[in-house]
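Fold and contact review
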Amino acid sequence: MEKIKIIIADSHYLSRQGLAMILNENTDFSLAAEACDYSELTYHTKRHNPDLIIIDYTSTKFNIQNIEHIAIKFPNVKMLAITELPNNGTIGRSLKMGVTSHLLKECEKDEIVEAIYKTYLGERFLCSKITSSVLDADNVNTSSCEGMKISDRELEIIALIASGNSNKEVAEKLFISTHTVTTHRKNILSKLGVKNTAGLVLFAVKENLVSPNHFLFSSAQ
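If you're wondering where the values come from, they're calculated on a predicted model, not measured in any experiment. (Residues numbered from 1 in each chain as written. Predicted model: local features only at pLDDT ≥ 70, side-chain atom pairs only at ≥ 80, totals over all residues. Heavy atoms only, no water.)

A short note on the overall build of the protein
A count of helices and strands for the protein gives ten helices and seven strands. Within the protein, buried positions represent 48% of all 221 residues. When contacts within the protein are restricted to residue pairs at least 6 apart in sequence, those whose partners lie at least 24 apart make up 67%. (Helix = DSSP H or I, 4+ residues; strand = E, 2+ residues; numbered from the N terminus. Buried < 20%, exposed > 50% of the residue type's maximum accessible area, 1.4 Å probe, protein only. Contact = heavy atoms within 4.5 Å.)

Here we look at the packing of helix α7 (residues 152-162) against helix α9 (residues 178-192)
Helix-helix packing: each pair is described by the crossing angle between the helix axes and the interaxial distance. Interaxial distance between α7 and α9 falls to 10 Å at its minimum, and their mutual angle equals 95°. Considering their axes alone, α7 and α9 lie roughly perpendicular with respect to each other. On α9, the residues that touch R153, E154, I157, I158 and I161 of α7 are H184, R185, N187, I188, K191 and L192. When its residues are assigned to classes, the contact of α7 with α9 shows five nonpolar, two polar and four charged. (Axes fitted to C-alpha atoms, helices over the stretch in contact; angles between N-to-C directions. Parallel < 35°, antiparallel > 145°, perpendicular 65-115°, else oblique. Nonpolar A, V, L, I, M, F, W, Y, C, P; charged D, E, K, R; others polar.)

Some remarks on the confidence of the model for the protein
Mean pLDDT over the protein stands at 84; residues scoring 70 or higher make up 85%. Within the model, pLDDT remains below 50 along residues 139-148, and this stretch shows 18 contacts once partners closer than five positions in the same chain are excluded. Segment residues 214-221 is flagged for pLDDT under 50; beyond a separation of four residues in sequence, or across chains, it makes 30 contacts in the model. (pLDDT = per-residue confidence, 0-100.)

Considering helix α1 (residues 13-24)
Here α1 contains twelve residues, and its C-alpha end-to-end distance of 16 Å stays within 8% of the 16 Å for a straight helix at 1.5 Å per residue. Here α1 has its buried residues at R16, L19, A20, I22 and L23. Seen along its axis, α1 keeps its buried residues to an arc of 160°; they face one direction. For α1, exposure combined with an orientation more than 90 degrees from the buried face picks out Y13, L14, M21 and N24. (Expected span 1.5 Å × (residues − 1). Arc of directions from axis to C-beta.)

Written out as structure tokens, the structure is:
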């Protein structure tokens, strides 16, 4: 495989050096540049056209809005955030703005390397503490599947959607029409009190319908 071209974006010198050591130890990775602020990040991203940006949007000279700007300017570049644990809600915002995967700086090297591979392939990877933080900040009512009268078929559809399948793909796997899937989806969203696929994914994680550590988000449906 071609080397995964990566830019490190972090205001802290020691953090950049630690990540650089991890990247340089792996022959599949190529460190294209380091950026200590948003201006440098946009310059290097335009110049090097990386596959992946590893960013700490909580560090001194970055902020969460930078995530959205990078996602708009460079839509083909994936982002892996590695930060201290932010306040509740911040992680969810970063995922909506364009971060693909999210780790904490306390994560081990092997987890960071796995996250890079997963993110490069388009898979979302979250460490367990990040997943817990996202779920704790969410208002999804998941006290009981039975209490919400979620049928086995609906649970099956939730798991497929949370695993990254489009409505059409779900229909093909279950041998039902796309219209039927769409109807089930609307009913499920109403029962769970959520508005979108992200809410279904959070429910699926809580109910162990998909892996709590890494899972695929479906594309726009």
